[in-house]
Amino acid sequence: MDSSKAIREPSRATSWWHRLSAKVEWAGERLNPLLVKEVRQSLKSRQFSITFTAVLCLSWLWSIAGIARLGPEVSFGAFGPDMFFVYYLILAFPLILIVPYSTFRSLIAEREDNTYELVAITTLRPRQIVAGKLGSSVAQMAVYFSAVAPCLAFTYLLRGIDAPTICWILFYTFLASLGFSLCALLLATIAKEKHWQIMLAVVIVVGLFYAFLGAAGLCQMRLRFARLPFTSSEFWIENLMFLSFFVSTFVLLYLAAAAQLTFTAENRSSALRRAMLAQQVLFVGWLGYVLYENTGRGLKAGTGFAGVIAMLVACAYWLVMGSFMSGESSELSPRIKRRLPRTDLGRILFTWFNPGPGTGYLFAVNNVLAMMVFALLGVWYGEMNGASAAGMPAASQMLTQILLLLGYFVIYLGIGNLLLRLLRKFTRVTLSAGVLVNLLLLMAGWGIPTIIDPYDVHQSTYRLGHMTDPYWSCIATIDPRTSIVHDELLPIILPAAVLVFLWNLVYIVPEIRQVRLTPPIRVIEEEQSQVTVKPNQPQPTNPWD
């Protein structure tokens, strides 16, 4: 055999390895470049090395100490849950506390080192930046899971805990770590000044520590009970409900974090409003399903009360979201105006998604109105099926409560919107200012009457001087001692709500009437040139290209 030919021709194994290496390199080139950078930095950091070493050493020590403590009885008893709980504490500490805090620090460190500007001027979009940071967190989680996974599998061999329960606990721990990481990243995008960064760092550490204690308590409680009912359809439906809530909230917070990193002239609001609407649709859908199931079980009378609870949740949700939207600027940049709906039908359907405090107020009111219709249907259906006979509040009381909730919502959010418009004439109004003004307004409506005439909900009699207090006013609608509310409170609150809404409408109409701008010729030529150049010439995607 020719020795020179053998040297030139690679073996089959070497050829396979070269092909795999080329494919991995090809996949790496298509990954988010920020993800690659963050994973390299995080896995090489001193914090990760110390934490990972500590997790390995503690797992090893507990394996020896735990088996030594059990002694010869380890072959006869069911000691899996006891061993699993300590392994879970070792794993949950870095997942719930270390990883989210390191995600917070990763963006703060970019601002401190002045490297964020380099990332911001690349072709990376804000959503890619957020995804890169979160991807780095997921990579760290995967390493921690891989370190403790053999120990967790060992607990299954000790009996007393099954494999699906282990997977279920670890899956929700992963979701908790991912959710806390996103929350920490969102706070990092908000904290631009040094004092806010320090204060939020303390808040995050304290909050994550309590979250770790809560996760440990939930795990211990779960291990004390019998095995999870994996064969029950209700168990999976409850999990599906929670996951739909988690995913929709995750998307909302993800878009909020990306919006904070977006250029101020861009549209930061429309995607968030679509996510809010999707979350409300999910809420209504799941609530309708639960009511349908209860109806099949003969629990028809509770549908009216469930409608009131749904209305209460909707008012609280949209009051928070409306407070954020009322802090937006009423001026739309030319870049946003060039992307407004083109047709009349598009303007009718999608104007409510345009940025601005007026459209935000109208968007929130319309969603609460939709929930009111849903709640009224529930009251009507409950009344048709004997709500009063089942010990529930009367239909007239629930109807009064629904109308009061709508009236208070329109009044408080509307007055907050008007105050922010007045404040905007003297200073710059931010999203946090919008939340603060609405919160102070609500606290004043509740606190001032309470200071003047202190009361006890269970002993005091409701007076009209407390009508600015939404909490006690709604409680009073189902209190038999205050039947006067039906006659005197509604004729005051509802006209006041209509007046506040019409006052806001004066400022909302100009926002609604904004039309699409035709882009300048220079902008059209630049966009066409980018479309032409993109496929043929690869553009730099990170500061090091």
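Given the structure is predicted, the values throughout are model-derived calculations rather than measurements.

Secondary structure summary: the protein chain contains 21 helices and zero strands in total. For the protein chain, the proportion of its 545 residues judged to be buried stands at 42%. The long-range share in the protein chain, meaning contacts at least 24 apart out of those at least 6 apart in sequence, stands at 81%. Split by element, the accessible area of the protein chain, about 30200 Å² in all, is 69% carbon and sulfur.

Here we come to the packing of aromatic side chains. Tallied over the full model, the rule gives 22 aromatic pairs. For the ring pair Phe242 and Phe246, a centre distance of 6.5 Å and an interplane angle of 25° mean the geometry is stacked. Here Phe242 and its partner Phe246 are both found in helix H10 (residues 233-260), four residues apart, which amounts to about one turn of the helix. A relative accessible area of 38% places Phe242 in the partly exposed class.

Okay, the environment of Pro355 next. For Pro355, the location among the structural elements is in the loop between helix H14 (344-350) and helix H15 (357-384). Exposure remark for Pro355: the relative accessible area of 13% places this residue in the buried category. Pro355 sits 24 residues away from Glu331 along the chain, and the two C-alpha atoms are 8.7 Å apart. Setting aside its immediate chain neighbours within four residues, Pro355 contacts Asn267, Ser269, Ser270, Arg273, Glu328, Leu332 and Ile336.

Grouped together as the largest cluster of nonpolar side chains are 120 residues, with contacts concentrated most on Phe84, Val130, Met311, Trp318 and Phe409. Excluding its chain neighbours within four sequence positions, the residues that come into contact with Phe84 are Leu152, Thr155, Ile161, Ile166, Ile169, Cys219 and Leu223.

Another point: unusual backbone geometry. Of note, the phi angle at Arg159 is positive, near 70°, even though the residue is not glycine. For Arg159, the position within the fold is in the loop between helix H7 (126-157) and helix H8 (163-190). For Arg159, a relative accessible area of 39% translates into the label partly exposed.

Let us now look at the packing of H15 against helix H16 (residues 395-423). Two numbers describe how H15 lies on H16: the axes approach to 10 Å, and their chain directions differ by 175°. The angle between H15 and H16 places the two elements in the roughly antiparallel class. Along the contact surface, H15 presents Pro357, Gly358, Tyr361, Ala364, Val365, Val368, Leu369, Met372, Ala375, Leu376, Val379 and Glu383, while H16 presents Ala395, Met398, Leu399, Ile402, Leu403, Leu406, Phe409, Val410, Leu413, Gly414, Asn417 and Arg421. The class makeup of the residues in the contact of H15 with H16 is 19 nonpolar, three polar and two charged.

In this section: a nonpolar patch on the surface. A contiguous nonpolar patch, built from Ile198, Val202, Val206, Phe209, Tyr210 and Leu213 and spanning about 590 Å² of accessible area, is present on the exposed surface. Tracing the backbone through its elements, the reader meets Val206 in helix H9 (residues 194-224). Residue Val206 is classed as partly exposed on the basis of its relative accessible area, which comes to 43%.

This paragraph deals with H16. Under the 1.5 Å per step criterion, the end-to-end length of H16 is 42 Å for 29 residues, consistent within 8% with the ideal 42 Å. Buried residues dominate H16, accounting for 22 of its 29 residues.

Before going further, it helps to examine H9. Compared with an ideal rise of 1.5 Å per residue, which puts 31 residues at 45 Å, H9 spans 45 Å between its outermost C-alpha atoms and is within 8% of the ideal. For H9, the full list of buried residues reads Gln197, Leu200, Ala201, Ile204, Leu208, Ala211, Phe212, Ala215, Ala216, Cys219 and Leu223.

With that out of the way, let us pick up the side chain of Gln279. You can see Gln279 is positioned in helix H11 (residues 270-296). Using a relative accessible area of 10% as the deciding quantity, one classes Gln279 as buried. One polar contact links Gln279 to Tyr317, side chain to side chain, over a distance of 2.7 Å. Setting aside residues up to four positions removed in sequence, Gln279 forms contacts with Phe245, Ser248, Thr249, Leu252 and Tyr317.

Turning our eyes to something else, we now look at the packing of helix H3 (residues 33-44) against H7. Put simply, H3 and H7 touch, their axes get as near as 8 Å, and they point 40° apart. Between H3 and H7, the crossing angle belongs to the class labelled oblique. As H3 packs across H7, the resulting crossing turns out to be right-handed. Residues Leu34, Leu35, Glu38, Val39, Ser42 and Leu43 of H3 lie in contact with H7, whose contacting residues are Gln128, Ile129, Gly132, Lys133, Gly135, Ser136, Ala139, Gln140 and Val143. Residues that form the contact of H3 with H7 fall into these classes: seven nonpolar, six polar and two charged.

What counts and what doesn't
- Residues numbered from 1 in each chain as written.
- Predicted model: local features only at pLDDT ≥ 70, side-chain atom pairs only at ≥ 80, totals over all residues.
- Heavy atoms only, no water.
- Helix = DSSP H or I, 4+ residues; strand = E, 2+ residues; numbered from the N terminus.
- Buried < 20%, exposed > 50% of the residue type's maximum accessible area, 1.4 Å probe, protein only.
- Contact = heavy atoms within 4.5 Å.
- Areas by Shrake-Rupley, 256 points an atom, 1.4 Å probe, with all protein chains shown as cover.
- Phe/Tyr/Trp six-rings, centres within 6.5 Å; stacked < 30°, edge-to-face > 60°.
- Core = buried A, V, L, I, M, F, W, Y, C linked by side-chain atoms within 4.5 Å.
- Axes fitted to C-alpha atoms, helices over the stretch in contact; angles between N-to-C directions.
- Parallel < 35°, antiparallel > 145°, perpendicular 65-115°, else oblique.
- Nonpolar A, V, L, I, M, F, W, Y, C, P; charged D, E, K, R; others polar.
- Patch = residues over 30% accessible without salt bridge, like charges linked within 9 Å, V, L, I, M, F, W, Y side chains within 5 Å.
- Salt bridge = Lys/Arg side-chain N within 4 Å of Asp/Glu carboxyl O.
- Expected span 1.5 Å × (residues − 1).
- Polar contact = N/O pair within 3.5 Å; in protein donor to acceptor, adjacent residues only side chain to side chain.
- Left-handed = near helix turned anticlockwise from the far one by under 90°.

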